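# A look at the structure
Chain by chain, the residues run as shown.
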Amino acid sequence: MIRRFPVFLFFAAILLTNLSPEAQGQCKAFARRICKGDLERYMHDGNYHAAILTEGEEAELYKTFYADQEYRIAICGDDGLPDIEFRVMDIQRNILYDNSENEFGGTWDFRLESSQQLMIWVRAPSVNPGREPASGCVAILFGLSTR
Amino acid sequence: MGSKNTMPFLISLFAISAAILLPGGCAGNCSRQDSDRDFTIDLPEDQSEDMERVKQIFYSLPSPLETALILKSSGAVFNEDLLNPVENVSRYMTNKSMAVNLGVYTTDLSYASLFDQPQISIDYMNAAKRLADNLGIIDAVDSETLERLEANINDREVIMDIVSETFMNSSSFLQESNREPVAAMMLTGGWIEGLYLALHQVDEDDIEQSRMVRIILDKKLSLEIVMLLLRQNSHNDDVASLMDEVRRIEDIYSKIEITRSPIEVDRDRDDGVTVLRSTTDARLDREVFRELKSTVTEIRTSFVS
C-alpha cells in the first residue's frame, strides 16, 4: 500500500529544494565537464542521468544492455561528496560488480554475451554522521565502444 | 491502491527524459513483469524507509546512437530509402507529430552518421533542429554546432560527438522544463524507428540465419520500459493515443517467449573488460515476424506521413 500523503510531502519537498532549474543546470554542467571525460575512448551515448543526492541517499537506474556491445559505466559525484558507491545488479538483484571492492573506482567496463536488463545502484555514503550531511550532483553516464 | 496510481504525479515531478531517457519516480512497490517473465523490476515492498534512501529511479532506453551502433554491429547496411524524408518536416504541425518525428529524425541521423553519410547527416541534423526549435527546445542544435558539423563533415568521431551532445542538450532541457509528455513521445518515436529499421533489414526467407532477428527479439526488453514511460505520462491525450498504438506492438511481442540463463561474471581478463556470460533462448516465427513488421510499418507510416 502506498501512503499517499507522506509520498506527496516527500516529493514536494524534493521539488522545492533540490530539483530547481538552477540546481539541475549545475548538474548538467558537472556531468558534461567532469563525468564525460571519464568515458575516455568510449563514445558517450548521449543519455543524461543526474540527480542531486545528500549523503545517505541512493539512486537506481534500469537499462537494457545489448549483446556483444562493450560498455563503460562512469559514475561521478561532486567534490563535496564522499566517494560514490555503485553496484551493478541483474534483475534478481544479484551483484555483478561492486566498486567498494575496487577502491571506489568511478568506472566499470564490461561486455555481454546476451542482452540483459541491469540495474545500477549508486549511493552517496554517509561517512561522518556527526556533521551536516553534504549534498551534490551525482551523474551516471554510459559509453559505447566503437572498436 | 496500486503503486501505478502514483506514477503520473511522481513522474510529473521527476521526469528526466529526452530522445533516450525516461524518468521513473517510483516511490514504492513498483513491480513490472511481462508475460514471459523475462523482465521484472522489483522495488522494495516497504517504501517508508526506502523513500528516504532511494531518492531517484531512472529507466533508460537505448539512445538513437546506441540503436544505430547495434544495428551496424549486427550486419545492417545503409538504405536511404528507409529514412523519413527530410522534406516531410514541414508537415508536422501538432505537438505529437513534432515530438514523435523528432525521435524518428534523431534515430535516422544516428543511423546515417554511423554509416558515414555526411551530407545526409547534415540534412537530418537540420531537420531535427527545425523540429526541436518548433517544440521550443532551446539550443538543442545551435548554429555553432551546425558549423562544426559542416567543418568536420568527413570526421565520423566528431560527427558522433556532435550527435551525442545534441541528445544531451535536448535531454537536459526537457528535464529542466518538466516536459515529460513531449520527451515520452519523442523517445517512443525514436524507439519505433529503430525497430522499423531493424525489421526492414531482415530477409523474410532467411529469418533463422539473420543476426538482426536477435536485435528485434531484444527490443522486447526495452518495450517494457517504453510502455512504462507512456503509462506514466498517459494523463496527456497525445501520449494516451500513442500508447494505444504501441500496445498493438506489445500484443505481438507477447507471442514471443524469451528465456535467459543466469549471468556468470568473468572478470579475470587481460583487457580489463569484464564479460557477463549468459545465454538466451528465443524464437521468432515467420508468421509473427510478418505480423510485427506489418504493424510497425503501419504505425510508423502513420507517424511520418
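Residues numbered from 1 in each chain as written. Chains lettered and ligands numbered in written order. Predicted model: local features only at pLDDT ≥ 70, side-chain atom pairs only at ≥ 80, totals over all residues.

### A look at the overall build of chain B
Secondary structure assignment for chain B yields 11 helices and eight strands. In chain B, which comprises 305 residues, the proportion classed as buried is 49%. Taking as baseline every contact in chain B between residues at least 6 positions apart, the subset at least 24 positions apart corresponds to 72%. (Helix = DSSP H or I, 4+ residues; strand = E, 2+ residues; numbered from the N terminus. Buried ≥ 20, exposed ≤ 12 C-beta atoms within 10 Å, placed from the backbone. Contact = placed C-beta atoms within 7 Å.)

### A closer look at the overall build of chain A
A tally of helices and strands in chain A yields two helices and nine strands. Taken from the N to the C terminus, the helices and strands of chain A come in the order α-α-β-β-β-β-β-β-β-β-β. Looking at chain A as a whole, 46% of its 147 residues are labelled buried. For chain A, contacts bridging at least 24 residues in sequence account for 80% of all contacts bridging at least 6.

### Here we look at the packing of helix α8 (residues 180-199) of chain B against helix α11 (residues 286-304) of chain B
Residue and element names in this part refer to chain B. In the contact formed by α8 and α11, the axes pass within 10 Å of each other and the chain directions differ by 135°. Classified by the interaxial angle, the pair formed by α8 and α11 is oblique. The handedness of the crossing between α8 and α11 is left-handed. Residue-level contacts link Gly 189, Ile 192, Glu 193, Leu 195, Tyr 196 and Leu 199 of α8 to Leu 292, Lys 293, Val 296, Thr 297, Ile 299, Arg 300 and Phe 303 of α11. (Axes fitted to C-alpha atoms, helices over the stretch in contact; angles between N-to-C directions. Parallel < 35°, antiparallel > 145°, perpendicular 65-115°, else oblique. Left-handed = near helix turned anticlockwise from the far one by under 90°.)

### As for the pairing of strand β5 (residues 85-89) of chain A
Residue and element names in this part refer to chain A. With burial as the criterion, only one face of β5 is covered, namely that bearing Phe 86 and Val 88; the residues Glu 85, Arg 87 and Met 89 on the opposite face remain uncovered. By the bridge criterion, five bridges tie β5 to strand β8 (residues 116-123) in an arrangement that is antiparallel. Paired with Arg 87 across the strands is Trp 121, a residue of β8. As paired strands, β5 and strand β6 (residues 95-98) are joined by three bridges and run antiparallel to one another. Of the residues in β6, the one forming a bridge with Met 89 is Ile 95. Between the antiparallel neighbours β5 and β6 lie five residues, among them Arg 93 with a positive phi of about 65°. (Pairing = 2+ DSSP bridges.)

### Some thoughts on the nonpolar core
By size, the foremost hydrophobic cluster in this structure holds 113 residues, and its most contacted members are A:Ile120, A:Val138, A:Ala139, B:Leu102, B:Ala128 and B:Leu131. In terms of residues, this core owes the most to one element, α8(B), which gives 13 residues. Excluding anything up to four places from it in sequence, B:Leu131 contacts B:Val89, B:Tyr92, B:Met98, B:Asn101, B:Leu102 and B:Tyr105. (Core = buried A, V, L, I, M, F, W, Y, C linked by C-beta atoms within 7 Å.)

### Some words on the environment of B:Asp218
Tracing the backbone shows B:Asp218 in helix α9 (residues 212-232). A count of 24 C-beta atoms within 10 Å places B:Asp218 in the buried class. The spacing of B:Asp218 and B:Ile138 is 80 residues in sequence and 34 Å in space, taken between C-alpha atoms. Excluding residues within four positions of it along the chain, B:Asp218 makes contact with A:Tyr66 and A:Ser115.

### Focus: helix α3 (residues 64-73) of chain B
Residues and elements named next belong to chain B. Within α3, eight of the 10 residues are buried, which leaves the element mostly enclosed by the surrounding structure. Turning to α3, its buried residues are Pro 64, Leu 65, Glu 66, Thr 67, Ala 68, Leu 69, Ile 70 and Leu 71. Immediately beyond the C-terminal end of α3, within one or two residues, lies Gly 75, with a positive phi of roughly 95°.

### Comments concerning the environment of A:Ile73
The topology assignment puts A:Ile73 in strand β4 (residues 70-77). Taking the C-alpha atoms as reference points, A:Ile73 and A:Val88, 15 residues apart in sequence, are found 9.5 Å from one another.

### Regarding the pairing of strand β2 (residues 49-54) of chain A
All names here are of chain A. For β2, a buried count of five out of six residues is recorded, marking the element as mostly surrounded by other parts of the structure. Two strands pair when backbone bridges link them, and β2 and strand β9 (residues 135-144) are joined in this way by six bridges, in the antiparallel orientation. Each bridged residue has a counterpart across the sheet, and for Ile 52 the counterpart in β9 is Cys 137.

### Describing unusual backbone geometry
Residue and element names in this part refer to chain A. Despite not being glycine, Arg 93 shows a phi value in the positive range, around 65°. A positive phi angle, near 55°, is found at Glu 103, a position not held by glycine. Along the chain, the position of Glu 103 falls in the loop between β6 and β7 (107-112). For Glu 103, a count of 7 C-beta atoms within 10 Å translates into the label exposed.

### Focus on the confidence of the model for chain B
Residue and element names in this part refer to chain B. The pLDDT averaged across chain B works out to 81; a share of 82% of its residues lies at or above 70. Within the model, the stretch residues 1-48 combines pLDDT values under 50 with 134 contacts to residues more than four positions away or in other chains. Here the predicted complex scores 0.81 on pTM and 0.83 on ipTM. (pLDDT = per-residue confidence, 0-100.)

### A closer look at helix α4 (residues 95-114) of chain B
Residues and elements named next belong to chain B. In this model, α4 (20 residues) spans 29 Å end to end at C-alpha, consistent with the 28 Å of a helix rising 1.5 Å per residue. Within α4, 19 of the 20 residues are buried, which leaves the element mostly enclosed by the surrounding structure. Where α4 ends, the next residue or the one after it, Asp 116, has phi of about 55°, a positive value. (Expected span 1.5 Å × (residues − 1).)

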